[in-house]
Structure formats: C-alpha cells, structure tokens
Amino acid sequence: MELVGKAAPYLASHGSASPRLDAELLLAEALGVKRMDLYLQFDRPLAEAEVARFRALCRRRAGGEPIAYIRGRREFMSVDLLVSPAVMIPRPETELLVEEALKISGAGLGPPTPTRVLDVGTGSGAIAVAMAVHHAACRVVATDNSAEALAVAGHNVERHEVQDRVELRLTDLAAGVEGRFDLVLANLPYIDRDWPEAVTSEVLASEPSAALFGGRNGLELVARLLDDVPRLLAQDGAVLLEVDPRNAAGAVALASRLGGASLLKDLAGRDRVVVVRP
Ligand SMILES: C[S@@+](CC[C@H](N)C(=O)[O-])C[C@H]1O[C@@H](n2cnc3c(N)ncnc32)[C@H](O)[C@@H]1O
C-alpha cells in the first residue's frame, strides 16, 4: 500500500482523475489479487518482479491508456466484462438504460416473462449480456458492424454462459434482423465531431472512433434506427436509446413521430435515455 501512496501523485500529475483508485487497481492487477485483498495483505513484502510489474502498469496509465484496457476488464451491472481497444469501455450511464429495460420487462417481479430484446451496436456486449444475466427469460439479438467488437462480445457471452440466449449478428444497425422485439435497446455512437470538447483527449486517443461519433448532431444513426423501429417493435414494446444530453431534445423530436417519447436523467441530472412507447 506504500507503493500506492507513491504512485498516486505520479498518476495525478499525468492526468488521472482518480489516481488513488487507479493505483490500487493497478497494484491488484500486478499482484493478481482483488482490490479488496490489498487491504488484507497490505504489509506483505513484495517481490521485485511484482514491483516491476506494477511500475510498468503505472507507466501505461500515465501514458493515457484507460484502466479498463490495461486490466482488460470492466464491471457493468455487476457483470465482469472483457474489454479491448476494439470496443468502447462500458459506461455507468448505460446502466441506467439496462435498469430501465429490466424494470419495463418486469424482471425481478415474480416469474420472469419471456422477453425478446434487440441490442443495436452491442460493442463489448455490455447491454446484451447484462440483460441476459439479470433476466433469465430474455432472448437477445445483438448487432454490431465491427467484427472485432463482436469477437469481444462473443467472449463475454461465453464467459457468462448465455450463448443459448444471446445471438450476435454482424450487420449495419438492424439490417436483415427478422422478427419483432419487446425491447429495442441501443447505445449507438452519439457524439458530433464538431462539438467543442466533444470527448476528452484520452477517450479520443484510446477508444474506437466508430463507437463514438454519430454524424451530424450525433443523431444520424439514431435517426436511421428509429426509421426501422415500426418493423422491429412488437405490440406494447419499448425503445430505449442512450443519447448525449446535448442532443437529447433532438432525439426526442425524432422519436415523437413514433409515439410517446420521454427522457430519463442520469445520476448527474442530465438527460440521458430516450424511452419510446408507441
Ligand atoms: C457507443 S458504442 C456502445 C457499445 C455498447 N453497446 C455499450 O453500451 O457499451 C457503439 C457501438 O455501435 C457500433 N456501431 C457503430 N455504427 C454501427 C452501425 N451502423 N451498425 C451497427 N453497429 C454500429 C460500434 O461499433 C460500437 O460498438
């Protein structure tokens, strides 16, 4: 833990916003233990190789590499997901979308009702796998137009043993996907490159730009998907779309053509998820 105390100011001076947490996660990674175990073993002397491993990880973090890519993992909805630079790192904001989808599908209230879910732009498989793990009677079709991203999603589907209920499809949005779905979920790229300070330099340098930028106003992909919703949505179904607060009103305007659209706020009080219930 003394090493953590030394590394934290170094990481802070290289731009880390959570230097102590980063240092703890990297030390746990270097030692191959859980972060909580650091507190239990904090006075164990470290081998030279362990210290060298920790220093190497800290150098990568100081160079701007996100913690999730260094560790190769990120927790989402209490599900441990593998991540690589081929996929966007799942964000806490997206948990709001999944929580609402679970609520709408009645998960956790009595015996689970069969629910057909479409996750468009699945990336690491975060939404698809979390839905399958937390809702025992849901079947998910998850799409992405990146084969590399789908390979990561495939690992996560197998890791959580939901391959019998999650089908991955390499396609543009929902092209070629047949059938109707009770829930159409999407966290598509929704940033406009022209927005000032659209994303941090760390995100821009590390995460796939195809996962970030959604064309003009960040709404081009969302608009295309909404055009396809009448074909995809089952009766009494719902569409949940994660958006940027800067384009939330625009997304609601687009979605209103289908029927009742409303907005959910994230923990910071910003408009974040559009819910459409035609
Ligand atoms: C913002 S990331 C979200 C990933 C994941 N759903 C999550 O919430 O963490 C968007 C994903 O959409 C995919 N994508 C971008 N354009 C697409 C398209 N036209 N069709 C299908 N997927 C697309 C990207 O490859 C990326 O994996």
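Refer to the preceding data block for the structure.
In short, a report on the structure. (Residues numbered from 1 in each chain as written. Predicted model: local features only at pLDDT ≥ 70, side-chain atom pairs only at ≥ 80, totals over all residues. Heavy atoms only, no water.)

**Considering the site of the ligand**
Heads up, the condition is: The near set for a molecule or strand comprises every residue that places at least one heavy atom within 4 Å of it. N or O atoms within 3.5 Å of each other form a polar contact, as long as, within protein, one can give a hydrogen and the other can take it, and as long as residues adjacent in sequence are counted only when both atoms are side-chain atoms. Here, Shrake-Rupley sampling with a 1.4 Å probe gives the accessible areas, and only protein chains in the shown set may cover a residue. Nonpolar residues are Ala, Val, Leu, Ile, Met, Phe, Trp, Tyr, Cys and Pro. Charged residues are Asp, Glu, Lys and Arg, and all others, Gly as well, are polar.
Near the ligand there are 19 residues, and of these Gly121, Asp144, Asp172, Leu173 and Asn187 occur at the shortest range. Measuring from an oxygen atom of the ligand, one finds a side-chain N or O atom of aspartate 144 at 2.7 Å. Asparagine 187 is positioned with one of its side-chain polar atoms (N or O) 2.8 Å from an oxygen atom of the ligand. Within the complex, the protein chains bury 96% of what would otherwise be the 600 Å² of accessible surface of the ligand. Of the residues belonging to the shell around the ligand, the class tally is eight nonpolar, eight polar and three charged.

**Quick look at the environment of lysine 103**
Applicable threshold: For helices the rule is a DSSP run of H or I covering at least 4 residues; for strands it is a run of E covering at least 2, with both sets numbered from the N terminus onward.
Mapping lysine 103 onto the fold places it in helix 6 (residues 92–104). Spatially, the C-alpha atom of lysine 103 lies 35 Å from that of leucine 26, the residues being 77 residues apart in sequence.

**Here we look at unusual backbone geometry**
Excluding glycine, residues mostly carry a negative phi; peptide bonds, for their part, are mostly trans. So the rule is basically this: For each residue, the accessible area found with a 1.4 Å probe, counting protein chains only, is set against the maximum for its type, and the residue is called buried under 20%, exposed over 50%, and partly exposed in between.
A positive phi angle, close to 50°, is found at methionine 77, a residue other than glycine. Methionine 77 gets classed as buried once you look at its relative accessible area, which sits at 11%. In the Ramachandran plot, leucine 173 falls in the positive-phi region, its phi being about 45° despite a non-glycine side chain. Inspection of the secondary structure puts leucine 173 in the loop between strand 5 (166–170) and strand 6 (181–186).

**Concerning the packing of helix 6 against helix 7 (residues 126–134)**
As a reminder, the rule being used: Axis lines are fitted to C-alpha atoms, over the contacting stretch for helices. Their N-to-C directions set the angle, which ranges from 0 to 180 degrees. Angles below 35 degrees are treated as roughly parallel, those above 145 as roughly antiparallel, those between 65 and 115 as roughly perpendicular, and all remaining angles as oblique. Helix crossings are classified by the rotation of the near helix relative to the far one: an anticlockwise turn of less than a right angle makes the crossing left-handed, while a clockwise turn makes it right-handed. Two residues form a contact once any of their heavy atoms are found within 4.5 Å.
In the contact formed by helix 6 and helix 7, the axes pass within 10 Å of each other and the chain directions differ by 40°. As judged from the angle between their axes, helix 6 and helix 7 are oblique. Once helix 6 is placed against helix 7, the crossing between them reads as right-handed. Seen from helix 6, the contacting residues are Thr94, Leu97, Val98, Ala101 and Leu102; seen from helix 7, they are Ile127, Ala130, Met131 and His134. When grouped by side-chain class, the residues that make up the contact of helix 6 with helix 7 number seven nonpolar, two polar and no charged.

**Points about helix 8 (residues 147–159)**
Definition in use: Take the number of residues in a helix, subtract one, and multiply by 1.5 Å to get its expected span.
Counted at 1.5 Å a residue, the expected span for helix 8 with its 13 residues is 18 Å, and the 18 Å between its end C-alpha atoms agrees. Contacts from the buried residues of helix 8 go to strand 2 (79–82), helix 7, strand 4 (138–144) and strand 5.

**Details of the side chain of aspartate 119**
To be explicit about the condition: Just so you know, the count uses Lys and Arg for positive and Asp and Glu for negative, and it drops His and the chain ends. Salt bridge, as used here, is a side-chain nitrogen of Lys or Arg placed within 4 Å of a carboxyl oxygen of Asp or Glu.
Structurally, aspartate 119 is set in strand 3 (residues 115–120). Of the side chains with opposite charge, arginine 165 comes closest to the buried, unpaired aspartate 119, at an N-O distance of 13 Å. Residues in contact with aspartate 119, not counting those within four places in the same chain, are Ile127, Ala128, Val140, Val141, Ala142, Thr143 and Leu185.

**Re the side chain of threonine 171**
When you line up the elements, threonine 171 lands in the loop between strand 5 and strand 6. At 2.8 Å, the side chain of threonine 171 and the backbone oxygen of alanine 175 are in polar contact. When sequence neighbours within four positions are dropped, the list of residues in contact with threonine 171 reads Thr143, Asp144 and Asn145.

**Description of the pairing of strand 4**
Heads up, the condition is: Clockwise travel from the first strand over the helix to the second, with the strands pointing away from the viewer, marks a crossover as right-handed. Strands are labelled as partners when DSSP assigns at least two bridges between them.
Counting buried residues along strand 4, six of its seven residues qualify, which places the element largely inside the surrounding structure. Traced from strand 3 through helix 7 to strand 4, the parallel crossover comes out right-handed. Strand direction decides the pairing type here: strand 4 and strand 5, joined by five bridges, are parallel. Paired with valine 140 across the strands is valine 166, a residue of strand 5. Read as a crossover between parallel neighbours, the route from strand 4 over helix 8 to strand 5 is right-handed.

**Looking at the pattern of salt bridges**
Under the counting rule described, the total for this entry stands at 22 salt bridges. Glutamate 100 is paired through a salt bridge with lysine 103; the nearest N and O atoms lie 3.4 Å apart. Residue glutamate 100 and its partner lysine 103 are both found in helix 6; the two are separated by three residues, about one turn of the helix. Here lysine 103 falls in the exposed class, since its relative accessible area comes to 59%. Here glutamate 167 and arginine 169 are joined by a salt bridge, their closest N and O atoms 3.3 Å apart. When its relative accessible area of 27% is taken as the criterion, arginine 169 is described as partly exposed. Through salt bridges with shared partners, a single ionic network connects Glu29, Arg71, Arg73, Asp80 and Arg159.

No statement about biological role is implied by the geometric values presented.
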